[in-house]
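# A structural walkthrough
Below, each chain spelled out in residue letters.
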Amino acid sequence: MSKFKAFINNWQTRIGLAILAVLLMAAFLAPVIRPGNPLFAVGRPMQAPNQEYWFGTDNTGRDVFAMVIWGSRVSMIFAFGAAGLSLLIGVLLGALSGYIGGLVDDLFSRFFEFFYIIPRIFLIILTVAVFGSSLTMMVVVVGVTIWPSNAKIMRAQVLTLKNRSYVHAAEVSGAGKLKILFRHIVPNGIGPVLSNSTMQMAQAVLTEASLSFLGLGDPNVASWGQILQIGQRHISTAPWLVIIPGLAIALLLLSFNLLGTSLHSALNVKQQLLN
Amino acid sequence: MELLEVKHLTVQFRTGNTLVTAVNDVSFSLSHRESLGLVGESGCGKSTTAYALMGLLAKNGKIAAGEVLIEGKDLTKISDKEIRDLRWKDISIVFQNSMTALNPVRKVGDQIVDALQRHEKVSREDAIQRGKLIFDRVGIAKERFMQYPHEFSGGMKQRAVLALALICHPKIMLADEPTTALDVVAQRQVLNLFRDLQEEFGLSLLMISHDISAVAEICEEIAVMYAGRIMEVGETKQVLHDPDHPYTYALVNSFPSLHKPLTHLEQIPGSPPFLAQISPGCPFAPRCPFSEDLCSRECPPLMPAKGGKLCRCHFTNHLDFSRDG
Amino acid sequence: MKFALYVGRRLLQMIPMILAVTILNFMIINLAPGDPVTVLAGEQATQEYMDELREAYGLNEPVVKRLGIYIGRLLRGDLGVSYSYKQPVSRIIWEKMKVTLMLILLSEVVTIVVGTFLGALAARKEGKLTDQVISNGSMMLYCMPVFWLGMLLILLFAVKLRWLPSSGMYSFGISRYSRTVDLIRHLILPSFTLFLVHLPTYIKLTRSSVVEVADEDYITTARAIGFSEKVVYRRHALRNALLPTVTVAGMSLSTVFSGALLTETVFSWPGMGRMIYDGVAARDYPIIMGGFLVTTILVVVGSFLIDILYMYLDPRVVHS
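Across its full length, chain B holds 11 helices and 12 strands. Computed over its C-alpha atoms, the radius of gyration of chain B comes to 21 Å, within 12% of the 20 Å expected for a compact globule of 325 residues. Judged by the C-alpha coordinates and their principal axes, chain B covers about 65 × 50 × 40 Å. Counting all 325 residues of chain B, 46% fall into the buried class. Long-range contacts, defined as pairs at least 24 residues apart, comprise 64% of the intrachain contacts of chain B with a sequence gap of at least 6.

Following this line, the structure appears as structure tokens:
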């Protein structure tokens, strides 16, 4: 429990949680803060930030503040959705691969490696181009392309832990193999995977932003990358369209990275003991 | 003049806000071709003493008091550069952890040649030749000279580290727990090797170990340390067969003997004190069956005891252990 | 010799990788909605052209035979014809690849060198101000999306200060710079962007690596032998600490290409990344597949070469 305390008291955790909390609130309260569809034009286009429109307006007269607030929803959905999916798949496949070992493990490892070779952006662009760009589809695609790192870590943990005495004890006492794996081994080894998942949330947000920036995002929702795409076309005349959404992305990424780093440090002592 | 003289050495470490005195007023000396063993439980300060002698203390440690004289030169007073020149040439160390003491990505031979060339002007070919000779002497095949550490077995690595320590023909060699990581057979081999090498190279040996029997084999003199202080020091036979200090007695009795009849193994109740809190009295008092008020009030100085020994006990020469034996 | 065995093993491992990518590539046409021929020929193809393609790609044959034909074409260097460029894909890729490599190689090398230097510096001054500045600065840089970074740089240097051009590879029309200088001026911002974006990875990596190595026993041994701190640091600590950098450099090749794609889009740099992106927008499948395949092969070969380099630096891998 003192590790938890250490985690909470760390200034990195605090700042990270604070930023995350603010953005999560923005995501939840979007309909309250700025009701209505943010993609509808509401004012004169190309206004710099002013009293009425805090973040200015874009080239078609949309309220940038509204787009940023609603955009946080998309980012959060991606962060938790894709990273969650990746966590699930990664833990499952990594644990099984490590526990079963042998040829299965070999094949899986080759399979994991394959994902490291392909430039992720290319793969995602391709898939989105083929399968379309609905929000759900994109979350699934991203989740399905980032799980290898979780699998790799989980597998390494399982390999280390499956030779521990308590595992042998469980095996000897007749417990089912799957039960042992998921009841004993995985919970003990999941620490680094969780800390990796925080980083993956950052990755997911970044990927979504990149895709929207490239114009491959869901055109029916407001997202930060989308604003940046507009911003690129009007960079010399509307710099706020570039600076503001990018800042939002950077802040969210910062919070995930801070949390991930302090989580990693907090777990590190335990991991060292495990090894 | 003695080869090595350690006078009232005190080593302290700073951890956070606490000052830990790991070595407290330790004095001993080593003559040419002599061997001394430093024994005691883990944490008693024996390894720290060795590292202090070589100036290899961690960043948060320092020699707070005392002198370390090698052939009259005080290591605590000379410059860093002079210490570095002295290292390995006058005094070297065989590290405890041979598995990790060598750089894994460089050939063993290169590391030995490097060490030699650091202190002597020799060509690479000559250095390699000398290195191979030492390899031969410690019992490693010459062909292995230019192999990598991971190609050596555990026992071979220990010998390699020994070879490294000998390459500059030091006057003093420190051995930090040389037998601890080895099985009994390998232990025997290493001890024999030490004895032979000591003869052949004319070394003075300072052996640090918690294995009294290993030390007893090799060292003519032995010093027993507890909580950073020397409790008893003298000729090995005198110290081990006729101890004066209660701690020494208990230590010796906690080892089963192969020769004497089976007896109850004595355990010393309690545990060694935290070195961050130095009480004014004798550090062993809390666990000593003979302690009295005086012991907790005043730490005894080293006093002359029978057989030419020195003993740190108020009741030196007055204790009779036979009743407990 | 053990080295030859290791190299051989790694070479053999490359083959299934490339094969897998090829098959994946092949599947793309088949997964895409619509008739593969239209996909390959583009929307405005004539009936004759489509029939030709059907013949040439054996689209009337069973799948396995089609795969064989596809691989056969690949081995002959035939990547098909792009319908948006109206030229053989291989020729286009050759041109574009040179442009992208120009961008990537320079910035990657500088990033690794500078990142390693800063990371080692931060490790040496662990806990002190230098370390804090480097580590925190690195963290902030890490959180900036590459395309945002690029745009910010454009805002500063091209829009505000007007020192450098904001896009493209050369200036249109008459420029007061020679061709080479003009190229360099256009190269600066995109390279700098890529440089900055990958810097934190190497800083963090080197820093933790040096900190870890500094505690190793063989460092104490080196000191015990009498080497000065400088020598211990350079000859023992650094050499060992840099090993993970080589590994990471090998593993991040695909990331480098991803970053290049985004940077090229921001700066309208006419390289492979841009080409693939435009290809996706135009549904020009031969280009997409060709670009995908070539990039992946480059990554595989690149990581193989780096593995070999690592083998020389860390002899332990050969003996495992």
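So, next bit.
Residues Val64, Phe78, Val142, Val205 and Leu253 of chain A together with Ile276 of chain C are the most contacted members of the largest nonpolar core, which totals 125 residues. Each residue touching Val64 of chain A, except ones within four places of it in the same chain, is listed here: Tyr53, Phe55, Gly56, Thr57, Asp58, Ile227, Trp240, Leu241 and Ile244 of chain A. Core analysis: the second largest hydrophobic core is formed by 117 residues, Phe152, Leu162, Ala163 and Val233 of chain B among them.

What follows concerns the environment of Asp176 of chain B. Residue and element names in this part refer to chain B. Topologically, Asp176 is positioned in strand S7 (residues 172-176). With 32 residues separating them along the chain, Asp176 and Ile208 place their C-alpha atoms 5.0 Å apart. If we skip the residues at most four places from it in the chain, Asp176 touches Ser47, Ala50, Ile93, Val94, Phe95, Gln96 and Ile208.

Look at any regular strand and the pattern is simple: side chains alternate between the two faces of the sheet. Residue and element names in this part refer to chain B. Across the seven residues of strand S10 (residues 229-235), six count as buried, placing the element largely inside the fold. Two strands pair when backbone bridges link them, and strand S9 (residues 221-226) and S10 are joined in this way by six bridges, in the antiparallel orientation. Following the sheet pairing, Val224 is matched in S10 by Glu232. Hairpin remark: S9 followed by S10, antiparallel, with two residues in the connecting loop; positive phi at Ala227, about 50°. Pairing between S10 and strand S12 (residues 310-311): two bridges, direction antiparallel. The residue bridging Glu232 from the neighbouring strand is Cys311, located in S12.

So, how was this worked out
Residues numbered from 1 in each chain as written. Chains lettered and ligands numbered in written order. Predicted model: local features only at pLDDT ≥ 70, side-chain atom pairs only at ≥ 80, totals over all residues. Helix = DSSP H or I, 4+ residues; strand = E, 2+ residues; numbered from the N terminus. Rg over C-alpha atoms; globule rule 2.2 N^0.38 Å. Buried ≥ 20, exposed ≤ 12 C-beta atoms within 10 Å, placed from the backbone. Contact = placed C-beta atoms within 7 Å. Core = buried A, V, L, I, M, F, W, Y, C linked by C-beta atoms within 7 Å. Pairing = 2+ DSSP bridges.

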